[in-house]
Amino acid sequence: MNLTLGIFIVILLITLGITYWAAKRTSTTADFYAADSQLTAAQNGFALAGDWLQRRGFLGFTGLTALFGMDGAFYALGPLVAFCTVCS
């Protein structure tokens with residue numbers, strides 16, 4: 001098993017473990033949606049930052065494709081392809 005696949009599996013298992021742990025702590029929809037009002041300002045800030053980064057990436061890639069056509073899609077996907085090529 002190469003290093004890239006191993007790192008992917010480790011991250012996947014950590015994510016599934018956190019999801020399982022969090023699912024066992026929630027019992028009502030209020031617990032799930034509002035975290036039972038126990039989020040700190042820092043935790044809420046990290047959640048908002050994650051939302052903004054995801055939105056920026058999605059809209060940025062879409063905007064590049066709209067402005068430059070298929071070349072824009074290549075600009076957006078270039079770093080991902082380069083990463084996968086170097087790491088495999």
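Here the residue index of a chain counts from 1 through its sequence in written order. Since the coordinates come from a predicted model, pLDDT governs what is reported: local features require at least 70, and pairs of side-chain atoms require 80 or more to be given and counted, while whole-chain, interface and lining totals use all residues. Water and hydrogen atoms were dropped before computing side-chain values, which therefore reflect all heavy atoms in the structure.

1. Remarks on the overall build of the protein
Under the scheme used here, helices are H or I runs from DSSP no shorter than 4 residues and strands are E runs no shorter than 2 residues, and both carry numbers assigned from the N terminus. A count of helices and strands for the protein gives four helices and zero strands. With C-alpha atoms as the basis for the radius of gyration, the globule rule is written as 2.2 Å multiplied by the number of residues raised to the power 0.38. Over its C-alpha trace the protein gives a radius of gyration of 18 Å, far above what one expects of a compact globule, namely 12 Å for 88 residues. Projecting the C-alpha coordinates of the protein onto the three principal axes gives extents of approximately 45 × 40 × 20 Å. By the burial criterion, 7% of the 88 residues in the protein qualify as buried. To sort residues, take the accessible area from a 1.4 Å probe on protein chains only and compare it with the maximum for the residue type: under 20% means buried, over 50% means exposed, and anything in between is partly exposed.

2. What to know about the packing of helix α3 (residues 41-68) against helix α4 (residues 70-87)
The axes are straight lines fitted to the C-alpha atoms, using for helices just the contacting stretch, and the angles between their N-to-C directions are given from 0 to 180°. Between α3 and α4, whose axes approach to 6 Å, the crossing angle comes to 150°. What the angle tells us is that α3 and α4 run roughly antiparallel. Viewed along their axes, α3 and α4 form a crossing whose handedness is right-handed. Residues F61, L64, T65 and F68 of α3 form the contact with α4, whose own contacting residues are M70, D71, G72, A73, Y75 and A76. Amino acid classes used here: Ala, Val, Leu, Ile, Met, Phe, Trp, Tyr, Cys and Pro are nonpolar; Asp, Glu, Lys and Arg are charged; the rest, including Gly, are polar. Tallied by class, residues from the contact of α3 with α4 come to seven nonpolar, two polar and one charged. With respect to orientation, any angle under 35 degrees is reported as roughly parallel, any angle over 145 as roughly antiparallel, any angle of 65 to 115 as roughly perpendicular, and every other angle as oblique. Crossings are classed by handedness, with left-handed meaning an anticlockwise turn of the near helix from the far one by less than a right angle and right-handed meaning a clockwise turn. Working rule for contacts: check all heavy atoms of both residues, and any pair within 4.5 Å makes them a contact.

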